[in-house]
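Topology and contacts: notes
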Amino acid sequence: MPKTYNDIYFAVRSKLRDNGVEAFGLEARVLLAAAADKTTEQLMRDMYLYTSVEIEQKANAMLERRLAGEPLAYIAGSWEFYGLPIAVTPDVLIPRMDTEVMVTAAVDAIKRFGMKGRVLDLCCGSGCIACAVASELPATRVVAADISSAALEICRKNIKGNRLTSRIITMQADASTWPPMGIGSFDLILSNPPYIPSGDIIGLDHSVRDYEPLDALDGGEDGLDFYRAIIKYWTIILRPNGIIMFEVGEGQADAVKRMLLQAGYVSVDSRLDTLGVERVVIGKWKNEY
């Protein structure tokens, strides 16, 4: 007997709820929309239309993946960040709301440059930060850099999908050493680098540990290796009065602030996330070369 989207939605919703998924209603909508190749808005519009057995089978297959612990974003293939659709695969981290704090801080900083500026998103992954900044600031030009060629492919897909190709270019670069020749200088460097201490990886939720790319999580023994390297090697491309911003893990802000102060940065400050955690550390570079 043919089923409506609503019939399938309630079946998926019930299974998610019965298996302890907290946001069972939201997740059921996202899964079914992905199975039907619709936006969630289109799905809600079409809920009482009949659909095919193939879509029901696809929704059930996605449901089984979710119940096995795979993150919803990888199953759906897309996740919203700062109001933008961001394609994701296991080659990149899933964009998180905490990171939106850095985008807001970056937009505020660039506005002080008269809405223009040149921005580097270092360790860009999916390119969610670069896309969000570029979408908010049409006059700003962004370079998205990552060591992973697979991540850069996803980044380029997101740049194109959000119609930002005139504002963002990509570049392969290793954040742990000197910048590549010809990269130029920047008013603002943004970085959400790997910052989980190596010994803490095993204790992460299995949906993170078993599915998200470990190279994008592991920040070395104390989680601070990339901050040290970026401050040491990448400050050289920051313009006088330019700004550097890092996303940091819980409890890491003070250590990163000290690194910036010791390197000659001034006006070192932080921004809090929605839980009151110091999530973004900011420093201004005033030295002349």
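Counting secondary structure elements, the protein contains eleven helices and eleven strands. On C-alpha atoms alone, the protein measures out to a radius of gyration of 21 Å, which is about the 19 Å that the 2.2 N^0.38 rule sets for 289 residues. The principal-axis extent of the C-alpha atoms belonging to the protein is close to 75 × 40 × 35 Å. Here the protein, with 289 residues, has 51% of them falling under the buried criterion. Summing over all exposed atoms, the protein offers an accessible surface of approximately 14,000 Å²; the carbon and sulfur share of this is 52%. Each charge class in the protein was averaged separately, 31 positive and 38 negative side chains, and the resulting centres sit 7 Å apart.

Turning our eyes to something else, we now look at the state of the cysteines. Inspection of the entire model under this criterion finds zero disulfides. Cysteine Cys123 is unpaired, with the sulfur of Cys124 as its nearest cysteine sulfur at 8.2 Å. Look at Cys123 and you get buried, because its relative accessible area is 16%.

The next thing to look at is unusual backbone geometry. Here Tyr82, not a glycine, exhibits a phi torsion of approximately 55 degrees, which is positive. Secondary-structure assignment places Tyr82 in the loop between β3 (78-81) and β4 (84-87).

Hydrogen bonding along the main chain pairs the strands of a sheet, whether they run parallel or antiparallel. As summarised here, the arrangement of the seven strands in space is β7-β6-β5-β8-β9-β11-β10, forming an open sheet in which the pairing is mixed. Every other strand in the sheet has two partners, leaving β7 (168-172) and β10 (265-272) as the edge strands with one partner each. If you compare each strand with its neighbour and ignore which way they point, the axes differ by 20 degrees on average. Where strand β5 (residues 117-122) and strand β8 (residues 186-191) come together, four bridges link them in parallel fashion. Each residue of the ladder has a partner; that of Val119, found in β8, is Leu188.

Time to look at helix α11 (residues 253-262). All buried positions along α11 are accounted for by Ala253, Ala255, Val256, Lys257, Met259 and Leu260. Structurally, α11 contributes buried residues whose contacts are with α10 (225-234), β9 (238-247), β10 and β11 (278-285). Gly264 occupies a position one or two residues after α11 and carries a positive phi of about 105 degrees.

Evaluation of the coordinates by the stated rule reveals five aromatic pairs. Where Tyr227 meets Phe246, the ring centres are 5.1 Å apart and the plane angle is 90 degrees; that geometry is what we call edge-to-face. With Tyr227 in helix α10 and Phe246 in strand β9, this residue pair connects regions lying 19 residues apart in the sequence. For the pair formed by Tyr227 and Phe246, the shared burial category is buried.

The next point concerns the nonpolar core. Val133, Ile168, Leu188, Leu190 and Met245 are the most contacted members of the largest nonpolar core, which totals 41 residues. Looking at this core, the element that brings in the most residues is helix α6 (residues 100-111), giving eight residues. Leaving out residues up to four positions away in the same chain, Leu190 has contacts with Met102, Ala106, Val119, Leu120, Asp121, Leu122, Ile129, Val133 and Met245. With 38 residues, the next largest nonpolar core counts Tyr195, Ile201, Leu217 and Ile230 among its residues.

A word on the side chain of Arg66. Here Arg66 shows up in helix α4 (residues 53-67). Here the side chain of Arg66 touches Glu70 through a polar contact of 3.0 Å, landing on its backbone oxygen. Contacts of Arg66, omitting those with residues within four sequence positions, involve Leu16, Glu27, Leu31, Pro71, Leu72 and Ile75.

One way to put it is that helix α1 (residues 5-18) packs onto α4 with a least axis distance of 11 Å and a crossing angle of 15 degrees. Overall, the two elements α1 and α4 adopt an arrangement that is roughly parallel. With respect to the hand of their crossing, α1 and α4 are arranged in right-handed fashion. Within the contact between the two elements, α1 uses Tyr5, Ile8, Val12, Lys15 and Leu16 and α4 uses Ile55, Glu56, Ala59, Leu63, Arg66 and Leu67.

Below, the discussion takes up the pairing of β8. Counting buried residues along β8, six of its six residues qualify, which places the element largely inside the surrounding structure. Pairing analysis gives five bridges linking β8 to β9, with the strands arranged parallel. Opposite Ser191, over in β9, you have Phe246 as the bridge partner.

A few words now on the environment of Leu31. Turning to its location among the elements, Leu31 is positioned in helix α2 (residues 24-35). Beyond its immediate chain neighbours, meaning those up to four positions away, Leu31 contacts Val12, Leu16, Met62, Leu63, Arg66, Leu72 and Ile75.

Glancing now at the pattern of salt bridges. Opposite charge on two side chains allows them to pair when their charged atoms are near. Counted according to the given criterion, the structure contains 15 salt bridges. Here Glu70 ties to Arg65 by a salt bridge, and the two come within 2.8 Å at their closest N and O atoms. A relative accessible area of 35% places Arg65 in the partly exposed class. Three or more residues are tied together by salt bridges with common partners; here these are Lys38, Arg45 and Asp46.

Reading guide: rules and limits
Residues numbered from 1 in each chain as written. Predicted model: local features only at pLDDT ≥ 70, side-chain atom pairs only at ≥ 80, totals over all residues. Heavy atoms only, no water. Helix = DSSP H or I, 4+ residues; strand = E, 2+ residues; numbered from the N terminus. Rg over C-alpha atoms; globule rule 2.2 N^0.38 Å. Buried < 20%, exposed > 50% of the residue type's maximum accessible area, 1.4 Å probe, protein only. Areas by Shrake-Rupley, 256 points an atom, 1.4 Å probe, with all protein chains shown as cover. Lys, Arg positive; Asp, Glu negative; His and termini not counted. Charge placed at Lys NZ, Arg CZ, Asp CG, Glu CD. Disulfide = S-S within 2.5 Å. Pairing = 2+ DSSP bridges. Axes fitted to C-alpha atoms, helices over the stretch in contact; angles between N-to-C directions. Contact = heavy atoms within 4.5 Å. Phe/Tyr/Trp six-rings, centres within 6.5 Å; stacked < 30°, edge-to-face > 60°. Core = buried A, V, L, I, M, F, W, Y, C linked by side-chain atoms within 4.5 Å. Polar contact = N/O pair within 3.5 Å; in protein donor to acceptor, adjacent residues only side chain to side chain. Parallel < 35°, antiparallel > 145°, perpendicular 65-115°, else oblique. Left-handed = near helix turned anticlockwise from the far one by under 90°. Salt bridge = Lys/Arg side-chain N within 4 Å of Asp/Glu carboxyl O.

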